[in-house]
Amino acid sequence: MKLTTKDLALIAITAIITATAVFAITTFWDQGDTVPPPSGPGASERVTWEYAKNRMNEYLRFDPLFVQYTTPPSGTKIIDTLEGFVFDATDLLEIISSNASRLGNPNEIIFYLGQEGKFIDLSTNPPIERADNLSLIAIGMKDKNLLLDVVSAGRQVSLFDKADPCPPNCPN
């Protein structure tokens, strides 16, 4: 197949238009305050409180989880958006620094979501089933191994559940 000058000109024009479009999209597209996804082990990133609030608000606007709790002293059942979990710092400190595992202390902590039971949310139309008791489970991990074994019979695995849901346990 022989390329003519006209064919080469069309190819060049197409390449220029494509390159201009890609440049314009990547330069002027509003991508907010996104950051690249983490990569590799321990790829947590320190972020600003503003960034964290934006991510939390995005979760609340999209398709959040819900929690049901009872308010004292009236005993009124409240259904509210689950914002987070409150963990006792001493539990996390035990996982990090005084873990009972034969493998020693972790280089990472993994958090699993858990659920116990369900309830019918009558505030929606039609009513839908929701998780009744959501929990966050924390366990140490070393080199991608869960620290489930213990050094001696008198010790327990440093594995914690039942972080308090927020709400109702949110800061003031």
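Model, not experiment: these values are computed from the prediction.

Definitions and limits used
- Residues numbered from 1 in each chain as written.
- Predicted model: local features only at pLDDT ≥ 70, side-chain atom pairs only at ≥ 80, totals over all residues.
- Heavy atoms only, no water.
- Helix = DSSP H or I, 4+ residues; strand = E, 2+ residues; numbered from the N terminus.
- Buried < 20%, exposed > 50% of the residue type's maximum accessible area, 1.4 Å probe, protein only.
- Contact = heavy atoms within 4.5 Å.
- Areas by Shrake-Rupley, 256 points an atom, 1.4 Å probe, with all protein chains shown as cover.

Student: Would you take a moment to explain the overall build of the protein chain for this structure?
Tutor: Looking only at helices and strands, the protein chain features three helices and eight strands. Walking the protein chain from its N terminus toward its C terminus, one meets helices and strands in the order α-α-β-β-β-α-β-β-β-β-β. Counting over 172 residues, the protein chain shows a buried share of 20%. A separation threshold of at least 6 residues defines the contact pool for the protein chain, and within that pool the share at least 24 residues apart is 54%. Total accessible area on the protein chain is roughly 12,800 Å²; 60% of this is exposed by carbon and sulfur atoms.

Student: Looking at this model, I keep getting lost on unusual backbone geometry. Mind explaining?
Tutor: What you tend to see is this: most non-glycine residues have negative phi, and most peptide bonds are trans. Here the amide bond leading from Pro72 into Pro73 is cis, since omega sits at -10°, within 30 degrees of zero. Structurally, Pro73 can be placed in the loop between β1 (66–71) and β2 (76–81). Looking along the chain, the bond that leaves Pro167 and enters Pro168 is cis, with omega of 10°. With respect to the helices and strands, the residue Pro168 is situated in the segment after β8 (164–166). You will see that Asp143, though not glycine, has its phi angle at about 50°, which is positive. Here the phi dihedral of Lys144 falls at roughly 65°; this positive angle occurs in a residue that is not glycine. One can find Lys144 in the loop between β5 (128–142) and β6 (145–146).

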